[in-house]
Amino acid sequence: VDVVESGGGLVQPGDSLKLSCVASGPVFSIYNMNWYRQVSGKEREFVASINGFGGTSYADSVKGRFTISRDNTKHAGFLQMNALNPHDTAVYYCNVVGGKPDSLYEYDVWGQGTQVTVSS
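So, a few notes on the structure that sits alongside this text. (Residues numbered from 1 in each chain as written. Predicted model: local features only at pLDDT ≥ 70, side-chain atom pairs only at ≥ 80, totals over all residues. Heavy atoms only, no water.)

1. Concerning the pattern of salt bridges
Argument step 1. As enumerated under the stated definition, the model contains four salt bridges in all.
Argument step 2. Residue Asp 88 pairs with Arg 65 through a salt bridge whose shortest N-O separation is 2.8 Å. Pair noted here: Asp 88 is in the loop between β8 (76-81) and β9 (90-99) and Arg 65 is in the loop between β6 (56-58) and β7 (66-71), with a separation of 23 residues, a long-range link.
Argument step 3. With a relative accessible area of 1%, Asp 88 lands in the buried category.
Argument step 4. You can call Arg 65 buried: its relative accessible area is 15%.
Argument step 5. One network of salt bridges, in which partners are shared, links Arg 37, Glu 45, Arg 65 and Asp 88. (Salt bridge = Lys/Arg side-chain N within 4 Å of Asp/Glu carboxyl O. Helix = DSSP H or I, 4+ residues; strand = E, 2+ residues; numbered from the N terminus. Buried < 20%, exposed > 50% of the residue type's maximum accessible area, 1.4 Å probe, protein only.)

2. Comments concerning the state of the cysteines
Argument step 1. Considering all chains together, one arrives at one disulfide under this definition.
Argument step 2. Between the sulfur atoms of Cys 21 and its disulfide partner Cys 94 the distance amounts to 2.0 Å. Here Cys 21 and Cys 94 share a disulfide; its torsion about the S-S bond, -75 degrees, makes the bridge left-handed. Placement of the pair is Cys 21 in strand β3 (residues 17-24) and Cys 94 in strand β9, with a sequence separation of 73 residues. The exposure classification of Cys 21 matches that of Cys 94, with both residues buried. (Disulfide = S-S within 2.5 Å.)

3. Concerning the packing of aromatic side chains
Argument step 1. Taken as a whole and assessed by the stated rule, the structure comprises four aromatic pairs.
Argument step 2. Taking the centre distance of 5.6 Å and the plane angle of 75 degrees together, the rings of Phe 28 and Tyr 105 count as edge-to-face. A residue pair is termed long-range when its members are at least 10 positions apart, and Phe 28 in the loop between β3 and β4 (29-38) and Tyr 105 in the loop between β9 and β10 (106-110) qualify at 77 residues.
Argument step 3. Ring-pair connections join several aromatic residues into one group, and the members of that group are Phe 28, Tyr 105 and Tyr 107.
Argument step 4. Sitting above the plane of the Tyr 93 ring, Arg 44 keeps its charged end 3.7 Å from the centroid. (Phe/Tyr/Trp six-rings, centres within 6.5 Å; stacked < 30°, edge-to-face > 60°. Lys NZ or Arg CZ within 6 Å of the ring centre and 35° of its normal.)

4. Some thoughts on the sheet that holds β7
Argument step 1. Ordered in space as β1-β3-β8-β7, the four strands form an open sheet in which the pairing is antiparallel. What marks the edges here is a single partner per strand, and that holds for β1 (2-6) and β7. Each strand axis lies, on average, 15 degrees off the axis of its neighbour in the sheet, ignoring direction.
Argument step 2. Relative to β8, β7 runs antiparallel, the two sharing six bridges. Residue pairing across strands places Thr 67 opposite Gln 80, the latter belonging to β8. (Pairing = 2+ DSSP bridges. Axes fitted to C-alpha atoms, helices over the stretch in contact; angles between N-to-C directions.)

Here's what the structure looks like:
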């Protein structure tokens, strides 16, 4: 399974940005799609997660500003980011966890990351 993120870029404080994540290959069933971010020199941190039932969770720092969603028909996930501020600047990574139900086939794959820079 391969995971590719897109949608990053340079925006000004207060702007919005929508990241996309698409999984390809023997995907079968995606259990969880997760977004993490990492600033150079710091540990990767959790941003948001969505499970197969549409249940979501968010880091406190993004609650009320970011919205995670998914399109199961396209093996895609999205992260809508509103009211961006400079502290949101980071490389954003998509993590996809899935497998084939009733089998031993499972995967836990990361994308290459997409840079988000918030600066005036």
